[in-house]
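# Coordinates in review
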Amino acid sequence: GMLVKVFTVDDNDLPTEYGLKMPHIPLVDLGEEEWEDCSLIQNLHRVLLIPVKKAESLIEGEYLHPLIWRPNRRELKTIKQEWEVFRDSIRNGKAKRYRVGKRNTNDLPVKEDTQFLHMRPAASDGTVTELDPLGNECTRMTLWLNDTAVQRLFHPPSHLGGRSRR
């Protein structure tokens, strides 16, 4: 199987939604997973990325050259390390929801702390909740591929000897 992601990008080919949303895995399940058989690695085995220049709708957008991404060994090593940080944080109760002013938040790492992954609320308004493995009430969260990581897949840094995957 192949995960297919159609997404809008800005003029710099940066995804406009802060990244690409992965299929939701309940926190209680994610907290119990091991890397070798985790749902994320199954979804990232092969990904068809189809960027669309932002327009009023996807249908009206300019479809750019697609890319089939199979994470290389270096990418997988970094993704594994970041995934383990999220999994271990969930196991340790850091997804527990608490209020700061009018906002709900948690103690999970944020996008700026990682290269490939971050977690965001599964519902756009963050009101849907679920339990973590410790029974804490948490905002229902989903793993995302970082927008900058997706952008680099289409435009690898030349100083690293990267080649275009187009």
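In the block above lies the structure referred to throughout.
Residues numbered from 1 in each chain as written. Predicted model: local features only at pLDDT ≥ 70, side-chain atom pairs only at ≥ 80, totals over all residues. Heavy atoms only, no water.

### Structural notes on the packing of aromatic side chains
- Tallying each qualifying case throughout the model produces three aromatic pairs.
- Arg120 extends its terminal NZ or CZ atom over the ring of Trp144, reaching a point 4.2 Å from the ring centre. (Phe/Tyr/Trp six-rings, centres within 6.5 Å; stacked < 30°, edge-to-face > 60°. Lys NZ or Arg CZ within 6 Å of the ring centre and 35° of its normal.)

### Focus on the pattern of salt bridges
- Tallied over the entire structure, the rule returns seven salt bridges.
- A salt bridge links Asp13 to Lys53; the nearest nitrogen and oxygen atoms lie 3.1 Å apart. Pair noted here: Asp13 is in the loop between β1 (3–9) and β2 (19–21) and Lys53 is in strand β3 (residues 47–53), with a separation of 40 residues, a long-range link.
- Assessed through its relative accessible area of 13%, Asp13 is described here as buried.
- With a closest N to O distance of 2.9 Å, Arg87 and Asp88 form a salt bridge.
- Exposure remark for Asp88: the relative accessible area of 30% places this residue in the partly exposed category. (Salt bridge = Lys/Arg side-chain N within 4 Å of Asp/Glu carboxyl O. Helix = DSSP H or I, 4+ residues; strand = E, 2+ residues; numbered from the N terminus. Buried < 20%, exposed > 50% of the residue type's maximum accessible area, 1.4 Å probe, protein only.)

### Observations regarding the environment of His45
- With respect to the helices, strands and loops of the structure, His45 is situated in the loop between α2 (39–43) and β3.
- Here His45 falls in the exposed class, since its relative accessible area comes to 57%.
- When sequence neighbours within four positions are dropped, the list of residues in contact with His45 reads Trp69, Arg70 and Pro71. (Contact = heavy atoms within 4.5 Å.)

### Section: the sheet that holds strand β11 (residues 141–146)
- Across the sheet, three strands lie side by side as β2-β11-β8; this open sheet has antiparallel pairing. Of all the strands in the sheet, the pair left with one neighbour each is β2 and β8 (117–121). Shown here is a sheet whose adjacent strand axes are inclined to one another by a mean of 40°, direction ignored. (Pairing = 2+ DSSP bridges. Axes fitted to C-alpha atoms, helices over the stretch in contact; angles between N-to-C directions.)

### Regarding the nonpolar core
- Counting 35 residues, the largest nonpolar core has Leu40, Leu49, Trp69, Leu117, Met119 and Leu143 as its most contacted members.
- Every residue in contact with Leu49, bar those within four places of it in the chain, is listed here: Lys5, Phe7, Leu20, Pro66, Leu67, Trp69, Leu153 and Phe154. (Core = buried A, V, L, I, M, F, W, Y, C linked by side-chain atoms within 4.5 Å.)

### Examining empty space enclosed by the protein
- For the structure on display, the rule yields one cavity of 30 Å³ or more.
- Within this model, the largest cavity holds a volume of roughly 70 Å³.
- Residue lining of the largest cavity: Met22, Pro23, His24, Ile25, Leu30, Ser39, Leu40, Asn43, Met141, Thr142 and Leu143, and that is the complete set.
- Taken together, the residues that form the lining of the largest cavity break down as seven nonpolar, four polar and no charged. (1 Å grid on protein atoms, 1.4 Å probe; cavity = no way out; pocket = protein on both sides within 12 Å on 5 of 7 lines; lining within 4 Å. Points joined across faces, edges and corners; volume = space filled by probe spheres on them. Nonpolar A, V, L, I, M, F, W, Y, C, P; charged D, E, K, R; others polar.)

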